[in-house]
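In case you want the letters, here they are:
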Amino acid sequence: SMLTPGIRHHRERSMTPSETPSPPRCILAIKLADIGDLLLTTPALRALKHSFPKARLDVLTTPNSAHVLHNSPLVDNILLFDKHPFDRPGDLLRFVRWGSMIRLARQLRAVRYDTVILFHHLSLKFGVIKHAMLILSSGAPIRIGLDNGRGWFLNHKVPDDGFGVRHELDYGLEIAIAAGASVASRQPEIVISDTDREQAASWLPSIDRPTIALHPGSGGYSMARRWDLEKFARMGQQLAQQSRVIVVGAPVDGVQELAAQLGSNCINLGGKTSISGLAAVLARCDLLVGADSGVLHIASAVCTPVVALFGPTNHCAWAPILPPEKLAIVRANSACSPCAYHELGLGTPNGCPERTCMAMITVEQVLDAIGQIETQSTN
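Computed from a predicted model, the values in this text were never measured in an experiment.

Peer 1: Which residues make up the sheet that holds strand β11 (residues 306–309), and what values do they have?
Peer 2: The strand order across the open sheet formed by six strands is β9-β8-β7-β10-β11-β12, and the pairing between neighbours is parallel. The sheet is open, and its two borders are formed by β9 (267–268) and β12 (327–330), each paired with just one other strand. The sheet contact formed by strand β7 (residues 211–215) and strand β10 (residues 287–291) spans four bridges and is parallel. From the neighbouring strand, I212 faces β10, where its bridge partner is L287.

Peer 1: Before we move on, can you summarise the nonpolar core with the specific residues and values?
Peer 2: In this structure, L45, L48, L282 and L288 are the most contacted members of the largest nonpolar core, which totals 66 residues. At seven residues, helix α6 (residues 168–178) tops the list of elements feeding residues into this core. Not counting the four nearest positions on each side in its chain, L45 is found in contact with A29, L57, V59, L69, L74, V75 and F119.

Peer 1: Can you tell me about α6, naming the residues and giving the values?
Peer 2: The buried fraction of α6 amounts to 11 of the 11 residues, a majority that puts the element mostly inside the structure. Buried residues of α6: E168, L169, D170, Y171, G172, L173, E174, I175, A176, I177 and A178, and no others. Where α6 ends, the next residue or the one after it, G180, has phi of about 100°, a positive value.

Quick notes on the rules
- Residues numbered from 1 in each chain as written.
- Predicted model: local features only at pLDDT ≥ 70, side-chain atom pairs only at ≥ 80, totals over all residues.
- Heavy atoms only, no water.
- Pairing = 2+ DSSP bridges.
- Helix = DSSP H or I, 4+ residues; strand = E, 2+ residues; numbered from the N terminus.
- Core = buried A, V, L, I, M, F, W, Y, C linked by side-chain atoms within 4.5 Å.
- Buried < 20%, exposed > 50% of the residue type's maximum accessible area, 1.4 Å probe, protein only.
- Contact = heavy atoms within 4.5 Å.

In structure tokens form, the structure reads like this:
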């Protein structure tokens, strides 16, 4: 088994064998989150699918993230729920928004799931209400998830020790173990289509120089995670002297602005790829440099080395899953970092107005980290 000692120990104290549920026949896994978070649940989904091959395994997620599981053999059905209209307590008072929730509740109950698995921390009181409504409406007799004292609606509970005490991926594996699954691998998984592989090869034909991808964004949730675009450009210009530099991401990530500053020193693939297409592009790269975002986890799913820039968010919870020689975490080590997602609360996901921890990261620090990974990969 590739279980880490931390997971094994946690299993022993969180659930005795007599408490382990009977093998499920119809499972609903819930992860209403962004791309990276859903990708980090794929090892847990794999554990469930391999441990219970005859069981139906459905996933309830958001429309934007669902593409992570496109064509995945780990999942039988993908159910969509747009959680954003229900992000604030006041939203529940707007009865026009209840239609989608009621339709989903009826849909879940009609399937007759025997097991519901919640891959979420219960950090916000309103989130507890939202998830409790979804899970209880399913009618499933077995309800499994993390508990920080707010999981009254769960009847098989895995202790939530707080953000970063365990990696988010390992919390997911803990939950799968609580359902009776066995774990063989921590590797995140994404399926790449042949069409996307061919397109990536046409954009990036093989050459005798390293190919380095730059992702200037940080996902749509928090701008505070971003590194200064001008520093990205200075770094890219230096890298372009010995490497093929490409820019990846969505238009909202600032890809066009970065590509404009780099000019002929880069290949701009910003806005041109689906999630599968981006995975195919990153699989042809020797390195990705970017701040905390789902793109880092797409790179880790295709085993591409990563230099990850972390500031306000918790690298102990969300670092890409890669061997040490393929990963460098760059942090300024300011005393107030991380200020988001620590202990049992969200902290300040939007950081402070000064965003000191990201501003303190220098071009030289990042270039040094790139050099370390390149040196290790040639040894």
